[in-house]
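What follows is the residue order along each chain.
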Amino acid sequence: MHGHVFVVGADLTRLSCDDVVVPTDRKLRVAPGFRPLVRDELITEESVAGACVGLSWSGEERVLQVPGDEPRRTWLVDTVDDDGRGLPWLLDGAREALAAVARRPVVQPVHGRARRLVGLPALGTGWGGAAGERGTLLRELLPVLRAAAAQHGFDVALVLRGPSDLAAAQRVRRADGGAWDLPEHLHAVAEQLGETARRGQLAVFVGAGVSAAAGLPTWEQLLDELAARSGLDDDLRAGLSRLPPQDSAALLARELGRDALEAFVKERFGPGCYALAHALIADLPVQEFVTTNYDPLVELAATGIGRELTVLPFDEATPGAPWLLKLHGDAAHPESVVLTREEYLQLGDSRAALAGVLHALLLTRHVLFVGTSMLDDDLIRIAHQVRSALRFPGARGRRKSGTVLALREDRTRARLWERDVETVAMSAAGTPPAEAARRLEVLLDLIGCLSTPPTGYLLDPAYRGLLGTEEQSLSEALQQVAERLPDGEEPTWAVQEVQALLRRLGHGAPAGEDAPADEATEPRDDRRQEQRPG
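Quick notes on the rules
Chains are numbered independently. Their residues run from 1 in the order of the written sequence. At least 70 in pLDDT is required for a residue's local features to be given in this predicted model, at least 80 for side-chain atom pairs to be given and counted, and no such filter applies to totals for whole chains, interfaces and linings, which use all residues. Only heavy atoms go into the side-chain values, all of them from the structure, while hydrogens and water stay out. For two strands to be treated as a pair, DSSP must find at least two bridges joining them. Put simply, DSSP H or I for four residues or longer makes a helix, DSSP E for two residues or longer makes a strand, and each gets a number counted from the N terminus. With axes taken as lines fitted to C-alpha atoms, and helix axes fitted only over the stretch in contact, angles between N-to-C directions fall between 0 and 180 degrees. Side-chain atoms within 4.5 Å are what join buried Ala, Val, Leu, Ile, Met, Phe, Trp, Tyr and Cys residues into a set we call a nonpolar core. Under the scheme applied here, a residue whose accessible area is under 20% of the maximum for its type counts as buried, over 50% as exposed, and between as partly exposed, the area being computed with a 1.4 Å probe on protein chains only. Contact between two residues is taken to exist if any of their heavy atoms lie within 4.5 Å; hydrogens are not considered. Each salt bridge in this description consists of a side-chain nitrogen of Lys or Arg and a carboxyl oxygen of Asp or Glu lying within 4 Å of one another. Expected helix span is computed as 1.5 Å times (number of residues minus one). Each Phe, Tyr or Trp ring, with Trp reduced to its six-membered ring, pairs with another whose centre is within 6.5 Å; inter-plane angles below 30 degrees give stacked pairs, above 60 give edge-to-face pairs, and intermediate values give tilted ones. As a reminder, the over-ring test applies to NZ of lysine and CZ of arginine, requiring each to be within 6 Å of the ring centre and within 35 degrees of the ring normal. Summary of the metric used: pLDDT quantifies the predictor's per-residue confidence within the range 0 to 100.

Chemist: Hey, could you run me through the sheet that holds strand β11 (residues 288–291) in this one?
Modeler: Across a sheet, strands are paired by hydrogen bonds formed along the backbone, either parallel or antiparallel in direction. Strand order in the open sheet formed by seven strands is β12-β13-β11-β10-β14-β15-β16, with parallel pairing between adjacent strands. The open sheet terminates on both sides in strands that have one partner only, identified here as β12 (310–312) and β16 (421–427). Averaged over neighbouring strand pairs, the angle between their axes works out to 20 degrees when direction is ignored. Bridge analysis of β11 against strand β13 (residues 323–326) gives four bridges, and the strand direction is parallel.

Structure (structure tokens):
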């Protein structure tokens, strides 16, 4: 029952997990980025440099559990080496912290996940003094995390904030083979999808199953929650199950009133912690995302790695910037939510332009469907319209428009969709859903590793130790280019383009004392993929 080590770009304070390990020192200081993980009443002193936690060490111990009864527990580990003990001492701290976490029993992981999930940053890269040798730290830390996951049986998420950190960690994993417990055919799927993403040809559709892993309701559960608030008697509530879902929603909307319904949706699907799958999806080098979910978790996950998604149709699209289309509305704009039969029909009429965006993606990209049963009426209609548009005399056999990552094998549903998409099942039909969902996370982790651009750390001084001879020569040449760029308040377009390229390669990332405490070297993500016809 070995655990898995995920590498993910995310905000540790927003990632849904059972335990988080936070770096500190002998004074029990916590960096500002981790401050939300400690309750206010435990803070004795706070400044822009960090906060002091009102606990105390016992002797030479290095790990403390922060008191609390929240589902997510916080652990403090001393990573500040004042005595020059070096990297082995830091790694021992990681081992001790994970061993302490393992001693706390967890009967049911958060939101029904199959395995307990422990999140931690790259320990020691801030006050710990390892900021200038992040490459060496990652190369040594990842095997330690894998050994702990194997020994204790829980999953570990190494949470990074900057594109340089993420690119470097993925390079280390590609070099040492990583450890993805997946069958051979899923490895092949990951390689194919990773290559498609690297070429800028992948788009992602996010369904309700992804947000269910963050504790949000599926369609059926949402109807149950609305029914409980509606005041309908037991007989009428029982009859809802015999109606099509959109008709059940229409009756509930009428009973509750539109204002009450919108207020419920806004509160129930508001900002919160996102699931591991949200972060893994947001990390992919993809420009175009589509969802039928109302919640903001994809956007929040993208923000955690420094990517700002334009949310359509509510925000104005920016050329070259990534975007997310909310096909069924947004909880932040509850009047836009599509729930009832009438609103579904309007999507094919007054909201046809939104469906047209997905039409275009199915025609020009390879769409990766995650967390959807492919039973949504709009998806079925859109796929039919794309299929019909391509039926004409003399047309050659067309490629499939996408890949559906299904949790469990369903040969009938796969056969239904075989003309349009390839369906890839994570597990056999009888597999528990939580285990199948975890395997999906592992697959997404591998796709992310294989698709991450391998050069995001090339000019980051903290990763010089990772560079080969050829890369060192290239890095030195590019550093000379950076030094020769003209200074000025209004650089030309050409200079701006070169500056953006150098930033994407890690130039300008702080190192040593200037690095943020155990967080990102560069929070901004300037990744932009070349867009090509699918």
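After that view, the rundown keeps rolling.
Chemist: How do you make sense of the nonpolar core when you look at a structure like this?
Modeler: The tendency in soluble globular proteins is for nonpolar side chains to be buried as a group. Leu-405 and Leu-444 are the most contacted members of the largest nonpolar core, which totals 85 residues. It is helix α16 (residues 433–451) that contributes the most residues to this core, seven residues altogether. Not counting chain neighbours up to four residues away, the residues in contact with Leu-405 comprise Leu-368, Phe-369, Val-370, Gly-371, Val-424, Met-426, Leu-440, Leu-443 and Leu-444. If you look at the next biggest cluster of nonpolar residues, it comprises 50 residues, including Val-63, Ala-94, Val-156 and Ile-305.

Chemist: How do you make sense of the pattern of salt bridges when you look at a structure like this?
Modeler: Tallying each qualifying case throughout the model produces 30 salt bridges. The residue Arg-104 makes a salt bridge to Asp-19 at a minimum N-O spacing of 3.0 Å. One end of the pair, Arg-104, is in the loop between α1 (87–103) and β8 (117–120); the other, Asp-19, is in strand β2 (residues 19–24), with 85 residues separating them in the sequence. Residue Arg-104 shares its accessibility class with Asp-19, and that shared class is buried. One salt bridge connects Asp-25 with Arg-29, and the closest N-O pair in it is separated by 2.5 Å. Of the residues examined, Asp-25 reaches a relative accessible area of 5% and is grouped as buried. Its relative accessible area of 29% is what places Arg-29 among the partly exposed residues. A cluster of three or more residues bridged by salt bridges with shared partners is formed by Arg-113, Asp-155, Arg-438 and Glu-441.

Chemist: What exactly am I supposed to notice about the sheet that holds β2 here?
Modeler: Taken in spatial order, the six strands line up as β1-β9-β8-β2-β7-β6 in an open sheet, and their pairing is mixed. Edge strands, defined here as strands with exactly one partner in the open sheet, are β1 (5–9) and β6 (63–65). Pairs of neighbouring strands in the sheet enclose a mean axial angle of 25 degrees, with direction left out of account. The pairing of β8 with strand β9 (residues 155–160) spans four bridges and is classified as parallel. Across the sheet, residue Val-118 finds its bridge partner in β9, namely Val-156. Of the strands in this sheet, β1, β8 and β9 are in contact with helix α2 (residues 134–152), which crosses β9 at around 155 degrees.

Chemist: Quick question: what am I supposed to make of α2 here?
Modeler: Note that an α-helix has 3.6 residues per turn; residues three or four places apart therefore point the same way. For α2, built from 19 residues, the straight-helix expectation of 27 Å at 1.5 Å per residue is met to within 8% by its first-to-last C-alpha distance of 26 Å. As for α2, its buried residues are in contact with β1, α1, β8, β9 and α3 (163–176). Where α2 ends, the next residue or the one after it, Gly-153, has phi of about 80 degrees, a positive value.

Chemist: Where do I start with unusual backbone geometry in this structure?
Modeler: What is expected of a backbone is that most residues other than glycine have negative phi and most peptide bonds are trans. Here Leu-312 and Pro-313 are connected by a cis peptide whose omega angle stands at 5 degrees. Phi at Leu-28 takes a positive value of approximately 60 degrees, unusual for a residue other than glycine. Within the secondary structure layout, Leu-28 lies in the loop between β2 and β3 (29–30). For Leu-28, a relative accessible area of 2% translates into the label buried. The phi angle at Met-374 is positive, at roughly 65 degrees, despite the residue not being glycine. Among the secondary structure elements, Met-374 is positioned in the loop between β14 (366–370) and α14 (377–389). For Met-374, a relative accessible area of 4% gives the class buried.

Chemist: Looking at this model, I keep getting lost on the packing of aromatic side chains. Mind explaining?
Modeler: Aromatic rings considered in pairs are described by the distance between their centres and by the relative angle of their planes. As enumerated under the stated definition, the model contains four aromatic pairs in all. Taking 6.2 Å as the distance between ring centres and 90 degrees as the angle between the ring planes, the aromatic pair formed by Trp-219 and Tyr-344 counts as edge-to-face. Here Tyr-344 lies in helix α12 (residues 341–347) and Trp-219 lies in helix α6 (residues 219–230), a separation of 125 residues in the sequence. Judged by its relative accessible area of 7%, Tyr-344 is buried. Relative to Tyr-463, the ring of Tyr-457 lies with its centre 6.2 Å away and its plane at 65 degrees, an arrangement referred to as edge-to-face. Owing to a relative accessible area of 1%, Tyr-457 belongs among the buried residues under this scheme. Owing to a relative accessible area of 1%, Tyr-463 belongs among the buried residues under this scheme. In this arrangement the basic side chain of Arg-26 is found over the ring face of Trp-57, its NZ or CZ atom lying 4.4 Å from the centre. Note that Arg-62 overlies the ring of Trp-89, its terminal NZ or CZ placed 3.5 Å from the centroid.

Chemist: What is the right way to look at the pairing of β9 in this model?
Modeler: It is a general feature of regular strands that their side chains alternate between the two faces of the sheet. Within β9, six of the six residues are buried, which leaves the element mostly enclosed by the surrounding structure. Across the two faces of β9 the burial is the same, with Asp-155, Ala-157 and Val-159 and Val-156, Leu-158 and Leu-160 all buried. Across five bridges, the pairing between β1 and β9 is parallel. Across the sheet, Val-8 pairs through a bridge with Val-159, a residue of β9.

Chemist: Teacher, can you tell me more about the side chain of Ser-451 here?
Modeler: Along the chain, Ser-451 falls in helix α16. For Ser-451, a relative accessible area of 1% gives the class buried. Ignoring anything within four residues of it in the chain, the contact list for Ser-451 reads Gly-194, Ala-197, Arg-198, Leu-284 and Pro-285.

Chemist: Got a minute to help me understand the environment of Leu-55 in this structure?
Modeler: Within the secondary structure, Leu-55 is located in the loop between β5 (50–53) and β6. Leu-55 sits in the partly exposed class, given a relative accessible area of 27%. Taking the C-alpha atoms as reference points, Leu-55 and Ile-43, twelve residues apart in sequence, are found 9.0 Å from one another. Each residue touching Leu-55, except ones within four places of it in the same chain, is listed here: Leu-28, Leu-64, Gln-65, Val-66 and Pro-67.

Chemist: Help me understand the confidence of the model for the protein chain in this model?
Modeler: Fine structural detail should not be taken from predicted coordinates in areas where pLDDT scores are low. On average, residues of the protein chain score 88 in pLDDT, and 91% of them are at 70 or above. Low confidence marks residues 511–534, where pLDDT is under 50. Its contacts with residues over four positions away, or in another chain, come to 90 contacts.

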